[in-house]
Amino acid sequence: MRYRGPVITLLAIAALATVLFAVNLTTVAQTAARATAPPGSAQPPVPAQESTAQEPADAPEAGPQPDAADPAAPPAVAAPPPAAYAGRSSGNEVTIAIKVRGSEAAAYVCDGKRIESWLQGTLEDGQLSLQGAEGAKVTGAVQDEAVFGTVQVQGKRWPFAAETANSPAGLYQGDGTVNGAPARVGWIVRQDGSQVGVANVGGVRQPAPAIDPSHLGGVQVGGITIVPRPVTGADDVLRPSS
Amino acid sequence: MTQRHFASSHRAQTSRPGAILTSLVAGSAVAVALGGYGKLHQPTGIAVSIAGFSGAQAAKSWLTTAVFLLALVQLASALAMAGKLPGGRAPHWTPALHRWSGRSAVLLAVPVVVHCLYALGFQSDAPRVLIHSLLGCFFFGAFVAKMLLLTRRGVPGWAIPMIGGLVFTSLVGLWLTSSLWFFTTVGVTF
């Protein structure tokens, strides 16, 4: 009958909306929950491991703190000092930076043009496992001064190698609002001083302007000034405060 | 055509304001519920999107553009059914075209609104964003009201074109405050 059609239409719309919400709740909420879990709640303190210690393990307090943004953090007991790694995929498709603090890890992957992704995850027993939006994934093993693993972003997968990056090398982020659209920029500075970054303005990605990692100052993105700040392994990079 | 004439003859017999009222109340409830959820839910900033685009906003801009084009089909087919287009009687497939272009349009709009509500929420910090948020809630409320009105008997002849016009107008506003803004600000990009 004619009078059933609109009701069926409404039910179909409601069903599709419900399915999409359910997909969001299961996939996105999982990623976000993993990112916001309080440090140390997921697992007991990790015993000091020779393989994961990137700086002299016997002097965690005296070691240089690359994450100047967080000087008030209490000293971690029996946890390796914060570490930073930067490197590239095997065919130089993307650059990757990983920051580790305790058992928490944050990473950024980008090609300096159109590919980029923020990831959040854990370091357990020398194994890194990070997830990001839209199926982005980084897995890897920490070995001495390097990480070897696989990066998967925007439907592509590459093996990568990253080496220890001492400050000011590392990972930086900045955010703002351009004409009402959220703007987010990530920069990776490698140990040799080379850098690569992508600005994501309202979902559109473009090369990021260069920064001076030793004197962080604002850069122009989409007509506004965005100030880069260092990322630590414990930062919530999936849901930045802005 | 024939179905519409058939329905119109029903409407001519009895005109019941209650039929309009319940539909409008239901539509209003949907609009308020969407706005309330958008305001109370903590936006995640990310949500599942469509592969093949540079980002969620590009995907949404193109989806909304497709919905906008289908809405133009809606407007033309509605005018044809109402006999407002020159050239005499509308082809016999006009009602089917109207129904299916409308269903396609709303189906395409659902992923957009889910992403808007889940990832961004109801925002009011800029005029464009506030207008877009209000129109988004209004659009789906008006759409629900129109679907319900279609199922009622005793609805006066002016009601369906009026609510249809509101659905169309709010969609044009949505497109202007999102897709057109995106294409002119960020660029015509995929």
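Basis of the calculations
- Starting from 1, residues in each chain are numbered consecutively following that chain's sequence as written.
- Chains and ligands are labelled by the order in which they are written, letters from A for the one and numbers from 1 for the other.
- This being a predicted model, a pLDDT of at least 70 is required before a residue's local features are given, and a value of 80 or more before pairs of side-chain atoms are given or counted; all residues contribute to the totals for chains, interfaces and linings.
- Only DSSP runs of H or I with at least four residues qualify as helices, and only runs of E with at least two residues qualify as strands; both kinds are numbered from the N terminus onward.
- Exposure classes come from backbone-placed C-beta atoms, where a residue is buried if 20 or more other C-beta atoms lie within 10 Å of its own, exposed if 12 or fewer do, and partly exposed in between.
- Two residues qualify as being in contact provided that their C-beta atoms, derived from the backbone, are within 7 Å of each other.
- Take the residue count of a helix, subtract one, and multiply by 1.5 Å to get its expected span.
- The angle separating two fitted axes, one through the seven residues that finish at a residue and one through the seven that start at it, defines the bend at that residue.
- For every element, the axis is a line fit to its C-alpha atoms; helices are fit only across the contacting stretch, and the angle between N-to-C directions ranges from 0 to 180 degrees.
- In this scheme, roughly parallel covers angles under 35 degrees and roughly antiparallel covers those over 145, while 65 to 115 is roughly perpendicular and the rest are oblique.
- Left-handed describes a crossing in which the near helix is turned anticlockwise from the far one by less than a right angle; the clockwise case is right-handed.
- Each residue is assigned to one class: nonpolar for Ala, Val, Leu, Ile, Met, Phe, Trp, Tyr, Cys and Pro, charged for Asp, Glu, Lys and Arg, and polar for all the others, Gly among them.
- For every residue, the predictor states its confidence as a pLDDT score lying anywhere from 0 to 100.
- A set of buried Ala, Val, Leu, Ile, Met, Phe, Trp, Tyr and Cys residues, joined to one another through C-beta atoms within 7 Å, is what we call a nonpolar core.
- One requirement defines pairing of two strands: DSSP has to find at least two bridges between them.

(A) Spatial organisation of the overall build of chain B. Check the secondary structure of chain B and you find six helices and zero strands. Along chain B, helices (α) and strands (β) appear in the sequence α-α-α-α-α-α when read from the amino end. The burial tally for chain B puts 42% of its 190 residues in the buried class. Contacts in chain B between residues far apart in sequence, at least 24 positions, make up 81% of those at least 6 positions apart.

(B) Expanded view of helix H6 (residues 159-185) of chain B. Residue and element names in this part refer to chain B. The terminal C-alpha atoms of H6, which comprises 27 residues, lie 38 Å apart, in line with the 39 Å expected from a rise of 1.5 Å per residue. Maximum bend of H6: about 35°, positioned at Leu-176. Among all positions in H6, only Ala-159, Ile-163, Gly-164, Val-167, Ser-170, Leu-171, Leu-174, Trp-175, Thr-177, Ser-178, Ser-179 and Phe-182 are buried. Each element contacted by the buried residues of H6 is listed here: helix H2 (17-40), helix H3 (56-81) and helix H5 (127-151).

(C) Representation of the environment of Trp-187 of chain A within the structure. One can find Trp-187 of chain A in strand S10 (residues 181-189). With residues up to four places along the chain from it excluded, the contact list for Trp-187 of chain A reads Tyr-172, Gln-195, Gly-197, Ala-208, Ile-211 and Pro-228 of chain A.

(D) Region of interest: the packing of H2 of chain B against H5 of chain B. Residue and element names in this part refer to chain B. At a minimum axis separation of 7 Å, H2 and H5 run at an interaxial angle of 150°. The angle between H2 and H5 falls in the class roughly antiparallel. In the packing of H2 onto H5, the handedness of the crossing is right-handed. For the pair formed by H2 and H5, the contact residues are Ile-20, Ser-23, Leu-24, Ala-26, Gly-27, Ser-28, Val-30, Ala-31, Leu-34, Gly-35 and Gly-38 on the first element and Ser-133, Cys-137, Phe-138, Phe-140, Gly-141, Ala-142, Val-144, Ala-145, Leu-148 and Leu-149 on the second. Among the residues making up the contact of H2 with H5, the classes are represented as 14 nonpolar, seven polar and no charged.

(E) Main features of the confidence of the model for chain B. All names here are of chain B. Residues of chain B with pLDDT of at least 70 account for 86%, and the chain-wide mean is 84. Here helix H1 (residues 2-13) is the element of chain B with the lowest mean pLDDT, 46, and H5 is the one with the highest, 93. Every residue in residues 1-12 scores below 50 in pLDDT, and together they form 16 contacts with partners more than four places removed in sequence or on other chains. Reported confidence for the predicted complex is 0.80 by ipTM and 0.53 by pTM.

(F) Layout of the packing of H3 of chain B against H6 of chain B. Residues and elements named next belong to chain B. For the pair H3 and H6, the least separation of the axes is 9 Å and the interaxial angle reads 150°. By the angle between their directions, the pair H3 and H6 is classed as roughly antiparallel. Between H3 and H6 lies a crossing of left-handed hand. Here Gln-57, Lys-60, Ser-61, Thr-64, Thr-65, Val-67, Phe-68, Ala-71, Gln-74, Leu-75 and Ala-78 of H3 come into contact with H6, specifically with Pro-161, Gly-164, Phe-168, Leu-171, Leu-174, Trp-175, Ser-178, Ser-179, Phe-182 and Phe-183.

(G) Geometry of the nonpolar core. Of all hydrophobic cores here, the largest spans 102 residues; its most connected members are Ala-97, Ile-98, Ala-107 and Val-109 of chain A. Here this core takes 13 residues from H5 of chain B, the largest share from any one element. With residues up to four places along the chain from it excluded, the contact list for Ala-107 of chain A reads Ile-96, Ala-97, Ile-98, Leu-119, Leu-130 and Val-138 of chain A.

(H) Structural context of the pairing of strand S4 (residues 116-124) of chain A. All names here are of chain A. Burial within S4 is extensive, with seven of its nine residues counted as buried. As paired strands, strand S3 (residues 104-110) and S4 are joined by seven bridges and run antiparallel to one another. Within S4, the residue paired with Ala-105 across the bridge is Gly-121. In sequence, S3 turns back onto S4 through a hairpin of five residues, with Gly-112 there showing a positive phi of about 80°. As judged from the six bridges shared by S4 and strand S5 (residues 127-132), these two strands associate in the antiparallel manner. Residue Thr-122 lies in a different strand from S5, and its bridge partner there is Ser-129. Between S4 and S5, which pair antiparallel and follow one another directly, the connecting turn spans two residues, one of which, Asp-125, has a positive phi of 50°.

(I) Highlighting the environment of Ser-23 of chain B. All names here are of chain B. Secondary-structure assignment places Ser-23 in helix H2. Judged by C-beta crowding, with 22 C-beta atoms within 10 Å, Ser-23 ranks as buried. When near neighbours in sequence (up to four residues on either side) are disregarded, Ser-23 contacts Ala-145, Leu-148, Leu-149 and Arg-152.

(J) Just the sheet that holds strand S6 (residues 137-143) of chain A, in detail. All names here are of chain A. The strand order around the closed barrel built from eight strands is S1-S2-S3-S4-S5-S6-S7-S8, with neighbouring strands paired in antiparallel fashion. Taking each pair of neighbouring strands and ignoring which way they run, the sheet shows an average axis angle of 25°. The sheet contact formed by strand S1 (residues 83-89) and strand S2 (residues 95-101) spans six bridges and is antiparallel. Note on S2: the bridge partner recorded for Ala-83 is Val-100.

(K) Geometry of the sheet that holds strand S11 (residues 195-201) of chain A. In spatial order, the strands read S12-S11-S10-S9-S15 (chain A); together these five strands make up an open sheet with antiparallel pairing. Each edge of the open sheet carries a strand with a single partner, namely strand S12 (204-207) and strand S15 (229-230) of chain A.

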